[in-house]
Amino acid sequence: MKGIILAGGSGTRLYPITMGVSKQLLPIYDKPMIYYPLSVLMMAKIRDILIITTPEDQASFKRLLGDGSRFGVNLQYAVQEKPNGLAEAFLIGEDFIAQDAVCLVLGDNIFHGPGLEKRLLKAKSIAEDEANPRAVVFGYEVSDPQRYGVAEIAPVRSDGMLYSVVNLVEKPVVPMSNVAVTGLYFYPNYVIEVAKNITPSDRGELEITEVNKRFNEMTANDGGTMLDLIMLDRGFAWLDTGTFESLHEAAGYVETIEKRQGIQIACLEEIAWKNRWIGYKKLEEIVEKLGKNSYRDYIHNKLVK
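In this report, the structure presented in the accompanying data block is examined. (Residues numbered from 1 in each chain as written. Predicted model: local features only at pLDDT ≥ 70, side-chain atom pairs only at ≥ 80, totals over all residues. Heavy atoms only, no water.)

### Comments concerning the overall build of the protein
A tally of helices and strands in the protein yields 11 helices and 13 strands. Its C-alpha radius of gyration of 19 Å places the protein within 12% of the 19 Å reference for a compact globule of 305 residues. With the C-alpha coordinates of the protein rotated into their principal frame, the extents come out at 55 × 45 × 40 Å. Residues classed as buried in the protein amount to 54% of the 305 residues present. For the protein, contacts bridging at least 24 residues in sequence account for 75% of all contacts bridging at least 6. Total accessible area on the protein is roughly 14100 Å²; 48% of this is exposed by carbon and sulfur atoms. One finds the centroid of the 34 positive side-chain charges in the protein at a distance of 7 Å from the centroid of its 40 negative side-chain charges. (Helix = DSSP H or I, 4+ residues; strand = E, 2+ residues; numbered from the N terminus. Rg over C-alpha atoms; globule rule 2.2 N^0.38 Å. Buried < 20%, exposed > 50% of the residue type's maximum accessible area, 1.4 Å probe, protein only. Contact = heavy atoms within 4.5 Å. Areas by Shrake-Rupley, 256 points an atom, 1.4 Å probe, with all protein chains shown as cover. Lys, Arg positive; Asp, Glu negative; His and termini not counted. Charge placed at Lys NZ, Arg CZ, Asp CG, Glu CD.)

Pasting the structure below:
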């Protein structure tokens, strides 16, 4: 499976901050925002990753992340000239995706909670299933569903994790549920053809909700639809960091968890080490270059010392 992080957009809701820097490079407590979606792909054991940026910001991402080798991943970069919609990521990344399944995560989304890796690997296995591949989205209950794409879901399937989707509506005036569809999507390779065959919305964008609707209209080999939903239920945090308030809330959340529990959220070096993608020698090299700070101390004390 390939991974794509969509880190484009103009970030106008965060002006004047984002007039000089990409939103996805802003700090969320002690790490750049891009670390958080990248950590999600790494927890899903995805190593080949495409980062889609604006033309102006790509050099900054390359300076921060390089080719990904220090995290045990292979990073490539592409440009989205204009914010033409989330589904354009599959057209930009068509050659990169090739014949593989793909996971798309939005560059300003943060996910954290117990059992997250289990859910990610479940979604990955469904999208990669040769006999019965399906798309998987992640749902999260919110108090203001009219701000999001909303899913109406059917009763839980046998394993207690998967739901089937009855209906999808983008930013409904009268929401039919409070289950928002998050910025994390797993698709079989067919998503490229689906993205090619949708038309821009009234706002001129290729909408990801339209892609998901197409999958929900298709019949899978087991007779169900080709779209499943995995709930991120009580105990999970999903943070969309697109406003001043949500930036502040996300930073506070990460700070609280890290200080109370003595852990690091989205420590890419730790995930790479746990995945056995890098060893102690690489960690020692990383620590030497990190200067004097709490992030360096965490890696040194927990993984190297």
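Once the structure has been displayed, the description carries forward.
### Regarding the pattern of salt bridges
Between side chains of opposite charge, pairing is possible as soon as their charged atoms come close. Under the definition given, this model contains 17 salt bridges. Among the ionic pairs, Asp 297 bridges to Arg 296, the shortest N-O distance being 3.2 Å. The partly exposed category is assigned to Asp 297, whose relative accessible area is 34%. Residue classification places Arg 296 among the partly exposed positions, given a relative accessible area of 22%. Because the salt bridges share partners, they merge into one network encompassing Asp 30, Lys 31 and Glu 258. (Salt bridge = Lys/Arg side-chain N within 4 Å of Asp/Glu carboxyl O.)

### Some remarks on the packing of aromatic side chains
With the rule as written, the count across this model stands at 8 aromatic pairs. Centre to centre, the rings of Tyr 35 and Phe 71 are 6.1 Å apart; their planes meet at 75 degrees, and the pair counts as edge-to-face. With Tyr 35 in helix α1 (residues 35-43) and Phe 71 in the loop between α2 (58-65) and β5 (74-79), the pair connects residues that are 36 residues apart, well separated along the chain. Grouping residues by exposure puts Tyr 35 and Phe 71 together as buried. A connected cluster of aromatic rings, assembled from ring pairs, spans Phe 90, Tyr 185, Tyr 187 and Phe 215. (Phe/Tyr/Trp six-rings, centres within 6.5 Å; stacked < 30°, edge-to-face > 60°.)

### Focus on unusual backbone geometry
A cis geometry characterises the amide bond from Tyr 15 onward to Pro 16, with omega recorded as 5 degrees. The phi torsion at Tyr 29 lies on the positive side, around 60 degrees, for a residue other than glycine. Mapped onto the elements, Tyr 29 comes out in the loop between β2 (27-28) and β3 (31-32). Judged by its relative accessible area of 34%, Tyr 29 is partly exposed. Although it is not a glycine, Lys 45 adopts a positive phi angle of roughly 65 degrees. Position of Lys 45 among the secondary structure elements: in the loop between α1 and β4 (48-53). Overall, the relative accessible area of 30% leaves Lys 45 in the partly exposed class.

### Observations concerning the side chain of Ser 22
Assignment of secondary structure puts Ser 22 in the loop between β1 (2-7) and β2. Given the relative accessible area of 3%, Ser 22 is considered buried. In this structure the side chain of Ser 22 is engaged in a polar contact, spanning 2.9 Å, whose partner is the side chain of Gln 24. Ignoring any residue separated from it by four or fewer positions in sequence, one finds Ser 22 in contact with Ala 7, Asp 57 and Phe 61. (Polar contact = N/O pair within 3.5 Å; in protein donor to acceptor, adjacent residues only side chain to side chain.)

### Some words on the pairing of strand β11 (residues 179-187)
Summarising burial for β11: 9 of the 9 residues are buried, a large majority. As defined by bridge partners, strand β6 (residues 102-106) adjoins β11 across 4 bridges and the pair is classed as antiparallel. Bridging from a neighbouring strand, Cys 103 pairs with Phe 186 of β11. (Pairing = 2+ DSSP bridges.)

### Observations concerning the side chain of Ser 39
Mapped onto the elements of the fold, Ser 39 is located in helix α1. Given the relative accessible area of 4%, Ser 39 is considered buried. Beyond its immediate sequence surroundings of up to four residues, Ser 39 is in contact with Ala 266, Leu 268 and Ile 271.

### Side note on helix α10 (residues 280-289)
Inspection of α10 places Leu 283, Ile 286 and Val 287 among the buried residues, and these make up the whole buried set. Take α10 and look down its axis: the buried residues cluster within an arc of 100 degrees, on one side only. Exposed side of α10, more than 90 degrees from the buried face: Lys 281, Glu 288 and Lys 289 are the residues found there. Among the residues trailing α10, Gly 291 stands out with phi positive, at a value near 70 degrees. (Arc of directions from axis to C-beta.)

### Observations concerning α1
Within α1, 9 of the 9 residues are buried, which leaves it mostly tucked inside the rest of the structure. If you check which residues of α1 are buried, you get Tyr 35, Tyr 36, Pro 37, Leu 38, Ser 39, Val 40, Leu 41, Met 42 and Met 43.

### Quick word on the pairing of β4
With 5 of its 6 residues buried, β4 lies for the most part within the structure. Two strands pair when backbone bridges link them, and β1 and β4 are joined in this way by 6 bridges, in the parallel orientation. Counterpart to Leu 6 in the pairing with β4 is Ile 52. Summarising the sheet, β4 and β5 pair through 6 bridges and their orientation is parallel.

### A short note on the environment of Gly 20
In this structure, Gly 20 sits in the loop between β1 and β2. In sequence terms Gly 20 and Glu 56 are 36 residues apart; their C-alpha atoms lie 9.7 Å from each other.

These values are about where atoms sit, not about what they do.
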